[in-house]
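What the coordinates show
Here are the chains, one letter per residue:
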Number of protein chains: 2
Amino acid sequence: MFAPNAKRRLWHHARLATMSGDGLGLVENGVVACAGPRIVYAGTAQEFSGFTADERIDCEGRLITPGLIDCHTHLVHAGDRAHEFALRLGGASYEEIARAGGGIAATVKATRQASEEELITQSLPRLDALLAEGVTTIEIKSGYGLSFAHETKQLRAARRLAERRDVRVMTSFLGAHSVPPEFGSDRRGYLKEVCAMLPHLGDLADAVDGFCESIAFTPDEIAQLFDAAAAAGLKVRLHADQLSDSGGAGLAARFGALSADHLEHASALGLEAMARAGTVAVLLPGAYYFLRDTHPPPVETMRRLKLAIALASDCNPGTSPLTSLLMVLNMGATLFRLRVEECLRAVTVHAAMALGLERELGALEPGKICDLAIWNVTEPAELVYRMGFNPLHQRVRNGHDS
Amino acid sequence: MFAPNAKRRLWHHARLATMSGDGLGLVENGVVACAGPRIVYAGTAQEFSGFTADERIDCEGRLITPGLIDCHTHLVHAGDRAHEFALRLGGASYEEIARAGGGIAATVKATRQASEEELITQSLPRLDALLAEGVTTIEIKSGYGLSFAHETKQLRAARRLAERRDVRVMTSFLGAHSVPPEFGSDRRGYLKEVCAMLPHLGDLADAVDGFCESIAFTPDEIAQLFDAAAAAGLKVRLHADQLSDSGGAGLAARFGALSADHLEHASALGLEAMARAGTVAVLLPGAYYFLRDTHPPPVETMRRLKLAIALASDCNPGTSPLTSLLMVLNMGATLFRLRVEECLRAVTVHAAMALGLERELGALEPGKICDLAIWNVTEPAELVYRMGFNPLHQRVRNGHDS
């Protein structure tokens, strides 16, 4: 559907936020050139020469950033939990909602009942909302199927979104998200089954994820899962220390995880281990906001340890029904006090690292994929400061307008 | 530009949230019919008869609400304060920012420098973002001109937005927003001048607004302003009790104000006076969020007193650079614990009351203006629950598609 593009294109009269180096890598009077899907030059107009372009695009001073990367989503699911949201505002307790069939069980039920095509149909509007704001790469997890058939259905639906839209989809297998009702309280029995699924995922999953929390799986159980992932040759990531410090950050680091996500209650020791392991800290302010959490992640410690910090939407029906990565940037700044350059690196270069794609994506550098977001603003801060405003001018993926 | 519409149109196969009565006024299998700009029927299909429509629109089960009303904005201004936002995240104090020419003074300077046409050009993208989510009526304040010439320039720009877009604009004269630099510390001198402007506003202002706060004008000064407004035959509204209890709620009530806005620190006595006076409580969660306030308005007291609660964007460059009324709904629920029906009434029937337009707007009732928002959802809660997602199907104003 989206034919490879062998054209030599050139964007000029632009301001670039290349994300090269430690900061925004700002370039005034900048040029980006691509040959086919890859960048061949990104820098000043003055130092650029010897390129014959098939097409020259005058950006009229606009800001160009790398295409945005949403590195943690549960975008593919069926149904919503708006009713539960309304009940809770009306004063219902979590227990009452659970008894009424709410909570994650409601999404598992709806997702199991949906066909692969229905999952795609329901997920496309959410995906479109993200793409409209310059997202070019998205990670999507399973975790609402909780059986081999339904988990792989979710993963296939995620993969097929990339056939329906011009976007790069990375998938994570999150069988260890919750225990399905048919297993009752037999969490270990279910986990054994999850581990047994790993060798049969084929190329449906790019990584294995787990939910390590008092209300989900223990560190020992996650270790077992990650051992099985290693045996199957799959990289890992982890939902860690969101509601309490269960040692998730350190556990993720011990297994060389690509990322540990949430981290509101991560310990300094855990974060130090992450720094040594090169594990990215993925922060999810949408869930923090939606759950009215008051304990922000330890950003100052992360800074001191020079952890790579990413931000993502966590798009999911229960705790973050959020489909705006620009709103995530604002929340990262407003709620977590991340600086502008930290926010923007968090959805480009660091998000690419969280997906293991830092050699391909996340910065405007020769050799990298030419995924761009061209904005009707000149100041990077404007992308973080506004709320509910989309200044995207043009999305470019693999060098073509998208 | 937008010709009057004399057509007889009918929307059927819809779910209605009419806002009639105390709640959402839900109607299943509903019909809305209009003759020209006014509603002639809104109710069940079963009870509807004897209407010959020029056009019948099958809503395929979609939810119809009244067109949304954003009843408190500072939409017309020049420049932005993204740089100041970035400085603050980098650790700069308010004092350092003020010394660097930031704060409201920066917006006053930019707004004074802008021509009327430049103000319109800069404001249109913000307006478009609001309209895209079903807003059909918007209130816009002056308050960044702070001299007769520049205040009226702002008000004219606001009026002229209604010529450029299909929207109803209500204006408020907010000369008493801040003291301009040329008056130094002579607040009373400036206020005298503001009062003297009132008889000369002609039809540029639908109401007079003021900022009653320790950092702005005292209750005595506001009383003087409101006396002058009464003498000029203008209704009043007030920025009240946002940062501290300065008796703003009671003051607004004493002058029969249409609304008192913010109210985080309003006293029970003040709220009781508002209830007696029929003054609407306009809550602005965008500013609360952006300023990281932790003292929410006393919603429970407002409920007990049966105050009409409205919600608005407060769109402004300093404390609420927000152009999504749907995000405001979510913030009203998430941050202020307003229920779904309270949130939706807050941007329809109660927002109409805040503008003195409750006889014309805000509910789907015969005789009212046919401003509709038709949504790609069936459950009202979905409009409040999601973040950064726009399910608008069609905006209707004065009975025509818009």
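These numbers were taken from a predicted model, which means no experiment stands behind them.

**Looking at the overall build of chain A**
- The helix and strand tally for chain A stands at 15 helices and 16 strands.
- For 402 residues, the compact-globule estimate of 2.2 N^0.38 gives 21 Å, and chain A sits close to it at 21 Å.
- Counting only C-alpha atoms and orienting by the principal axes, one finds that chain A spans roughly 65 × 45 × 45 Å.
- Relative to its full complement of 402 residues, chain A shows a buried share of 62%.
- Look at the contacts in chain A between residues 6 or more apart in sequence, and 71% of them connect residues 24 or more apart.
- Surface summary for chain A: the accessible area is close to 14,300 Å², and the carbon and sulfur share equals 52%.
- Measuring between centres, the 40 positive side-chain charges of chain A sit 2 Å from its 48 negative side-chain charges.

**Considerations on the interface of chain A and chain B**
- Between chain A and chain B, the residue contacts involve 38 residues of the former and 38 residues of the latter.
- Overall, the association of chain A and chain B removes approximately 3,400 Å² of surface from exposure, summing both partners, and the carbon and sulfur fraction of that is 67%.
- If you sort the residues of chain A by the area they bury against chain B, Tyr289, Tyr385 and Met387 of chain A come out on top, with a joint share of 24%.
- Taken together, the links from chain A to chain B amount to two salt bridges.
- The salt bridge partner of Asp80 of chain B is Arg386 of chain A, with a shortest N-O separation of 3.7 Å.
- The tally of links from chain A across to chain B stands at 14 residue pairs in polar contact (both at pLDDT 80 or more).
- Looking at the side of chain A that touches chain B, the elements that each hand over two or more residues are helix H1 (82–89), helix H4 (116–131), helix H10 (285–290), helix H12 (325–336) and helix H15 (381–385) of chain A.

**Observations regarding the sheet that holds strand S6 (residues 68–70) of chain A**
Residue and element names in this part refer to chain A.
- One open sheet holds the eight strands; their spatial order is S6-S7-S8-S9-S10-S11-S12-S13, and the pairing between them is parallel. The open sheet has two edge strands with one neighbour each: S6 and strand S13 (309–311). Across the sheet, the axes of successive neighbouring strands diverge by a mean angle of 25 degrees, strand direction being ignored.
- The pairing of strand S10 (residues 235–240) with strand S11 (residues 259–262) spans four bridges and is classified as parallel. Bridge pairing in S11 places Leu238 opposite Ala260.
- Across the sheet, helix H7 (residues 219–231) touches strand S8 (168–176), strand S9 (207–212) and S10, and the angle it forms with S9 is around 175 degrees.

**Points about the pattern of salt bridges**
- A complete count under the given rule lists 58 salt bridges over all chains for this structure.
- A salt bridge links Arg187 of chain B to Glu221 of chain B; its shortest N-O distance comes to 2.9 Å. Placement of the pair is Arg187 of chain B in helix H6 (residues 187–197) and Glu221 of chain B in helix H7 (residues 219–231), with a sequence separation of 34 residues.
- Taking relative accessible area as the criterion, Arg187 of chain B reaches 29% and is therefore assigned partly exposed.
- A single salt-bridge network, built from bridges that share partners, covers Glu116, Glu117, Arg156, Arg160 and Arg164 of chain A.

**Regarding the relation of the copies chain A and chain B**
- After a rotation of 180 degrees and a shift along the axis of 0.0 Å, chain A superposes on chain B with an RMSD of 0.0 Å. Taken together, the rotation and translation relating the two chain copies correspond to the operation of a two-fold axis. Among all residues of chain A, the minimum C-alpha distance to the rotation axis is found for Gly388 of chain A, at 3.4 Å.

**Overview of the environment of Ile39 of chain B**
Residue and element names in this part refer to chain B.
- Along the polypeptide, Ile39 turns up in strand S3 (residues 38–44).
- Along the backbone, Ile39 and Asn398 are 359 residues apart, and their C-alpha atoms lie at a distance of 8.9 Å.
- Among all residues touching Ile39, those that are not within four sequence positions of it are Val32, Ala33, Cys34, Ala363, Leu364, Glu365, Pro366, Gly367, Lys368, Ile369 and Cys370.

**Some points on the sheet that holds strand S8 (residues 168–176) of chain B**
Residues and elements named next belong to chain B.
- Spatially, S6-S7-S8-S9-S10-S11-S12-S13 is the arrangement adopted by the eight strands of the open sheet, whose pairing is parallel. Bordering the open sheet on either side are strand S6 (68–70) and strand S13 (309–311), each of which pairs with just one other strand. Ignoring strand direction, the axes of neighbouring strands in this sheet form an average angle of 25 degrees.
- Where strand S12 (residues 280–283) and S13 come together, three bridges link them in parallel fashion. Bridge pairing in S13 links Ala281 to Ile309.
- Against the sheet, helix H5 (residues 148–164) engages strand S7 (135–141) and S8, with an angle of about 170 degrees to S8.
- Helix H12 (residues 325–336) contacts S6, S7, S12 and S13 of the sheet and is inclined by roughly 80 degrees relative to S6.

**Examining the side chain of Ser259 of chain B**
Residues and elements named next belong to chain B.
- Within the secondary structure, Ser259 is located in strand S11 (residues 259–262).
- Side chain to side chain, Ser259 and Arg237 meet in a polar contact 3.0 Å long.
- Engagement of the side chain of Ser259 in a polar contact is seen with the side chain of Asp261, the distance being 2.7 Å.
- Residue contacts for Ser259: discarding those within four places in its chain leaves Val236, Arg237, Leu238, Ala252, Thr279, Val280, Val282 and Ala354.

**Topic: the nonpolar core**
- If you look at the biggest cluster of nonpolar residues, it comprises 212 residues, and the most contacted ones within it are Leu263 of chain A together with Leu263 of chain B.
- Setting aside residues up to four positions removed in sequence, Leu263 of chain B forms contacts with Ala240, Asp241, Gln242, Ala249, Met274, Ala281, Val282, Leu283, Pro297, Pro298 and Met302 of chain B.

**Quick notes on H7 of chain B**
Residue and element names in this part refer to chain B.
- Compared with the 18 Å implied by 1.5 Å per residue over 13 residues, the 18 Å span of H7 between its first and last C-alpha is a close match.
- Looking only at H7, the buried set comprises Glu221, Ile222, Ala223, Leu225, Phe226, Ala228 and Ala229.
- Gly233 sits one or two residues past H7 and shows a positive phi near 75 degrees.

**Quick notes on unusual backbone geometry**
Residue and element names in this part refer to chain A.
- Non-glycine residue His13 carries a positive phi angle of around 55 degrees.
- Inspection of the secondary structure assignment puts His13 in strand S1 (residues 8–17).
- For Lys306, which is not glycine, the phi dihedral falls at a positive 55 degrees.
- Relative to the helices and strands, Lys306 is located in the loop between helix H11 (299–304) and S13.
- Residue classification places Lys306 among the exposed positions, given a relative accessible area of 74%.

**Structural notes on the domain arrangement of chain A**
All names here are of chain A.
- The domain boundaries assigned to chain A delineate domain 1 (8–67 + 363–401) and domain 2 (68–354).
- Distance between the C-alpha centres of domain 1 and domain 2: 30 Å.
- With 30 residues of domain 1 at the interface, the matching set in domain 2 holds 25 residues.
- On the domain 1 side of the contact with domain 2, Val384, Arg395 and Arg397 bury the most area, a combined 31% of that side's loss.

**Some remarks on the packing of H4 of chain A against helix H5 (residues 148–164) of chain A**
Residues and elements named next belong to chain A.
- Packing of H4 against H5 leaves a shortest axis separation of 9 Å and a crossing angle of 55 degrees. What the angle tells us is that H4 and H5 run oblique. The element H4 and its partner H5 pack so that their crossing is right-handed. Facing H4, whose interface residues are Glu116, Glu117, Leu119, Ile120, Ser123, Leu124 and Leu127, H5 presents Lys153, Gln154, Arg156, Ala157, Arg160, Leu161 and Arg164.
- Of the residues that constitute the contact of H4 with H5, the class distribution is six nonpolar, two polar and six charged.

**Concerning the pairing of strand S15 (residues 392–397) of chain B**
All names here are of chain B.
- The pairing of strand S14 (residues 372–375) with S15 spans four bridges and is classified as antiparallel. Counted as the bridge partner of Leu372 is Val396 from S15.
- Both S15 and strand S16 (residues 400–401) contribute to a ladder of two bridges, which runs antiparallel. Considered in S16, the bridge of Val396 is made with Asp401.
- Turn length for the S15-S16 hairpin, with the two strands adjacent in sequence and antiparallel, is two residues, and the turn residue Asn398 shows positive phi of about 55 degrees.

What counts, and at which threshold
Residues numbered from 1 in each chain as written. Chains lettered and ligands numbered in written order. Predicted model: local features only at pLDDT ≥ 70, side-chain atom pairs only at ≥ 80, totals over all residues. Heavy atoms only, no water. Helix = DSSP H or I, 4+ residues; strand = E, 2+ residues; numbered from the N terminus. Rg over C-alpha atoms; globule rule 2.2 N^0.38 Å. Buried < 20%, exposed > 50% of the residue type's maximum accessible area, 1.4 Å probe, protein only. Contact = heavy atoms within 4.5 Å. Areas by Shrake-Rupley, 256 points an atom, 1.4 Å probe, with all protein chains shown as cover. Lys, Arg positive; Asp, Glu negative; His and termini not counted. Charge placed at Lys NZ, Arg CZ, Asp CG, Glu CD. Buried area = accessible area lost by both parts, 1.4 Å probe. Salt bridge = Lys/Arg side-chain N within 4 Å of Asp/Glu carboxyl O. Polar contact = N/O pair within 3.5 Å; in protein donor to acceptor, adjacent residues only side chain to side chain. Pairing = 2+ DSSP bridges. Axes fitted to C-alpha atoms, helices over the stretch in contact; angles between N-to-C directions. Least-squares fit on C-alpha atoms with pLDDT ≥ 70 in both. Core = buried A, V, L, I, M, F, W, Y, C linked by side-chain atoms within 4.5 Å. Expected span 1.5 Å × (residues − 1). Domains from an automatic or database assignment. Parallel < 35°, antiparallel > 145°, perpendicular 65-115°, else oblique. Left-handed = near helix turned anticlockwise from the far one by under 90°. Nonpolar A, V, L, I, M, F, W, Y, C, P; charged D, E, K, R; others polar.

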